[in-house]
Amino acid sequence: MKDEELEKIMKRKLKELIRKSLIAKERKKNLIFKATDENFEEEVVKRSKEIPVIVDFWARWCAPCLMLAPILEKIIKELNGKVVLAKVNVDENPKITSRYGITSIPFVIMFKNGREVDAFVGAMPEGFIREWIKKNLE
């Protein structure tokens, strides 16, 4: 192989690594995001192979959901990139809601390494949520 060819390959690989690094940094900045039937596989399942993803299944009419949301969001922001939060509106995303058998909300699932690792249902107190996250990040 000629030096010129090798240099072209190296430059192409370097550009690819830089692009992937920038994408990863941008995704990490988006600590709280909306997940949908259309993007769930990519944004939650695949993304959880890079960073743990907590999924909050909720609805606008659900008072316990509205009580839980600010607690989850506060903790996610404090953890600053150790875990991210995906919000799934059950009324707008029936396919993914059905896929995970969600019948009561709020329903919260943690994904790691592409799979579901733990879940809880209900508006739990902040201390419980902190311990739940800590246990599942270890």
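A brief report on the enclosed structure follows. For clarity, every value in this text was computed on a predicted model and none was experimentally measured. (Residues numbered from 1 in each chain as written. Predicted model: local features only at pLDDT ≥ 70, side-chain atom pairs only at ≥ 80, totals over all residues. Heavy atoms only, no water.)

1. Overview of the packing of helix 3 (residues 63-79) against helix 5 (residues 126-137)
Two numbers describe how helix 3 lies on helix 5: the axes approach to 10 Å, and their chain directions differ by 45°. With respect to each other, helix 3 and helix 5 are oriented oblique. Helix 5 is crossed by helix 3, and the crossing has right-handed handedness. Packed against helix 3, whose contacting residues are Leu68, Ile71, Leu72, Lys74, Ile75, Glu78 and Leu79, the element helix 5 presents Glu126, Ile129, Arg130 and Ile133 at the interface. Grouping the amino acids of the contact of helix 3 with helix 5 by side-chain chemistry returns seven nonpolar, no polar and four charged. (Axes fitted to C-alpha atoms, helices over the stretch in contact; angles between N-to-C directions. Helix = DSSP H or I, 4+ residues; strand = E, 2+ residues; numbered from the N terminus. Parallel < 35°, antiparallel > 145°, perpendicular 65-115°, else oblique. Left-handed = near helix turned anticlockwise from the far one by under 90°. Contact = heavy atoms within 4.5 Å. Nonpolar A, V, L, I, M, F, W, Y, C, P; charged D, E, K, R; others polar.)

2. Describing the environment of Glu43
Inspection of the secondary structure puts Glu43 in helix 2 (residues 40-46). Sequence separation between Glu43 and Ile32 is eleven residues; the distance between their C-alpha atoms is 11 Å. Polar side-chain contacts of Glu43 include one of 3.4 Å to the side chain of Arg47. (Polar contact = N/O pair within 3.5 Å; in protein donor to acceptor, adjacent residues only side chain to side chain.)

3. Remarks on unusual backbone geometry
Cis peptide bonds are those with omega within 30 degrees of zero, and the linkage from Ile105 to Pro106 qualifies with 0°. Relative to the assigned elements, Pro106 resides in the loop between helix 4 (94-99) and strand 4 (107-112). Its identity is not glycine, yet Asn80 carries a phi of approximately 45°, on the positive side. Structurally, Asn80 can be placed in the loop between helix 3 and strand 3 (84-89). Under the relative-accessibility criterion, Asn80 is labelled exposed at 59%. Positive phi, close to 50°, is recorded for Asn113, a residue that is not glycine. By the element assignment, Asn113 lies in the loop between strand 4 and strand 5 (115-121). (Buried < 20%, exposed > 50% of the residue type's maximum accessible area, 1.4 Å probe, protein only.)

4. So, the nonpolar core
Core analysis: the biggest nonpolar cluster contains 38 residues, and Phe40, Ile54, Val55, Phe57 and Tyr100 have the highest contact counts within it. Residue assignment for this core shows that the elements contributing at least two residues are helix 2, strand 2 (53-58), helix 3, strand 3, strand 4 and helix 5. Sequence-distant contacts of Tyr100, that is, excluding residues within four places in its chain, are made with Phe40, Val45, Phe57, Ile109, Phe111 and Glu116. (Core = buried A, V, L, I, M, F, W, Y, C linked by side-chain atoms within 4.5 Å.)

5. Details of the sheet that holds strand 5
The mixed open sheet is built from five strands, whose spatial order is 1-3-2-4-5. Here the strands that pair on one side only, and so sit at the sheet edges, are strand 1 (32-34) and strand 5. Sheet twist, expressed as the average angle between the axes of neighbouring strands with direction ignored, equals 25°. By the bridge criterion, six bridges tie strand 2 to strand 3 in an arrangement that is parallel. Looking at strand 3, one finds that Asp56 is bridged to Lys87. (Pairing = 2+ DSSP bridges.)

6. What to know about the pairing of strand 4
Burial within strand 4 is extensive, with six of its six residues counted as buried. Where strand 2 and strand 4 come together, five bridges link them in antiparallel fashion. Looking at strand 4, one finds that Val53 is bridged to Phe111. As judged from the six bridges shared by strand 4 and strand 5, these two strands associate in the antiparallel manner. When the sheet's bridge partners are listed, Lys112 is paired in strand 5 with Arg115. Linking two consecutive strands that pair antiparallel, namely strand 4 and strand 5, is a turn of two residues; a positive phi of about 50° is found at Asn113 within it.

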